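Breakdown of the fold
Listed here are the chains, written in short residue letters.
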Amino acid sequence: MKTSSRFALIALGICTALGVQAGIIGVAGGSGAPSATLGSYTMTPFGDDSRAVFTDVTSTETTPIGGVVGFSSSMSLRTIGNGWATWSHGYTGDVYFGGSSFTLTLPAGTGAFYFYAEPNSFALYNVSATSSAQVVEQLTNGNSGANYFGFYGTGGDTISSITISFATGSQGGAVGEFGIARAFTSVPDAGQTFGLLGAALVLVIGLRRRLA
C-alpha cells in the first residue's frame, strides 16, 4: 500500500475518533417507575398541569426546558382516579387521553424524552412509539399497566417528534408522566484533538521511514 493511502486511512481513523455517531435510540422500560437518567441524560419530570380536568388541550403547559409539547389532535386532560381509572407504579398525576394515533411535537433542543402510555380498554394491547424511524413496541395492559417509552439522541442529535399508536380495539389511550432533558452542546476538547493529531503524525513519519 502506498504511503498516501495509509495516510488517508489514518486520517479517517482520526475523524472517527473525534466524531460521535449521531442517531436516536429508543427504550422500552416496562411498567416500573422511571429512572432518573435516560442514556447519558439526567431527566427532569414535568410539573402538574394546572388546567381543569376534562379540558380539551392541544399541548402541555411549559416544559422544564421551555416551550411546550404539542399534540397533533386535541387531547382530554385527566388525572388518575379522576377521568382515568388506572396507571402503574403508584403514579397519580396528569394524563392526556386521545385517539388511536397521535404525534407529540417536542421543544427545540430536546435531547431525551420519556413518557408512559396505557390503552383505554382494560385488556392487553400493543402500543408503539416511533421517532426518526426508531420504533419501540410493548404489550401494554389497560388495567394498571402503563408502560415507559423513552427516546434519546446521540452525537448531538435531537428529537423533534414522537408518534404513538394504540392497536385496533384499544379505544385509543392516554399518555402522561413526561420527562425531558436538553441536548448536549459540548464540542471536542482541544487538547484531545491535538493529541490525536500528533499521534497520527508520528505514525505517518514511521511509515515513510519504513518505505524509504
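The notes below deal with the structure included here. Source: prediction; values computed, not measured.

Each pocket or cavity is described by its volume, and for the second largest pocket that value is around 240 Å³. Lining the second largest pocket we find 15 residues, and of these Phe 46, Gly 47, Asp 48, Asp 94 and Phe 178 sit closest to its centre. Looking at the lining of the second largest pocket, the elements with two or more residues in it are β8 (94-98) and β15 (173-182). Its residues assigned to classes, the lining of the second largest pocket shows 7 nonpolar, 3 polar and 5 charged.

As a further point, take the pairing of β15. The buried count for β15 comes to 9 of 10 residues, which makes it a mostly enclosed element. With 2 bridges connecting them, strand β4 (residues 44-45) and β15 associate as antiparallel partners. Paired with Thr 44 across the strands is Ile 180, a residue of β15. One ladder, built from 4 bridges, connects β8 with β15; its direction is antiparallel. Along β15, the bridge assignment pairs Phe 97 with Ala 174.

Tracing the backbone through its elements, the reader meets Thr 140 in strand β12 (residues 134-141). With relative accessibility at 0%, the residue Thr 140 sits in the buried group. Reaching out from Thr 140, the side chain makes a polar contact with the backbone oxygen of Gln 138 at a distance of 3.2 Å.

Calculation notes
- Residues numbered from 1 in each chain as written.
- Predicted model: local features only at pLDDT ≥ 70, side-chain atom pairs only at ≥ 80, totals over all residues.
- Heavy atoms only, no water.
- 1 Å grid on protein atoms, 1.4 Å probe; cavity = no way out; pocket = protein on both sides within 12 Å on 5 of 7 lines; lining within 4 Å.
- Points joined across faces, edges and corners; volume = space filled by probe spheres on them.
- Helix = DSSP H or I, 4+ residues; strand = E, 2+ residues; numbered from the N terminus.
- Nonpolar A, V, L, I, M, F, W, Y, C, P; charged D, E, K, R; others polar.
- Buried < 20%, exposed > 50% of the residue type's maximum accessible area, 1.4 Å probe, protein only.
- Pairing = 2+ DSSP bridges.
- Polar contact = N/O pair within 3.5 Å; in protein donor to acceptor, adjacent residues only side chain to side chain.

So, to be careful, I would describe these as geometric facts and stop short of saying anything about function.
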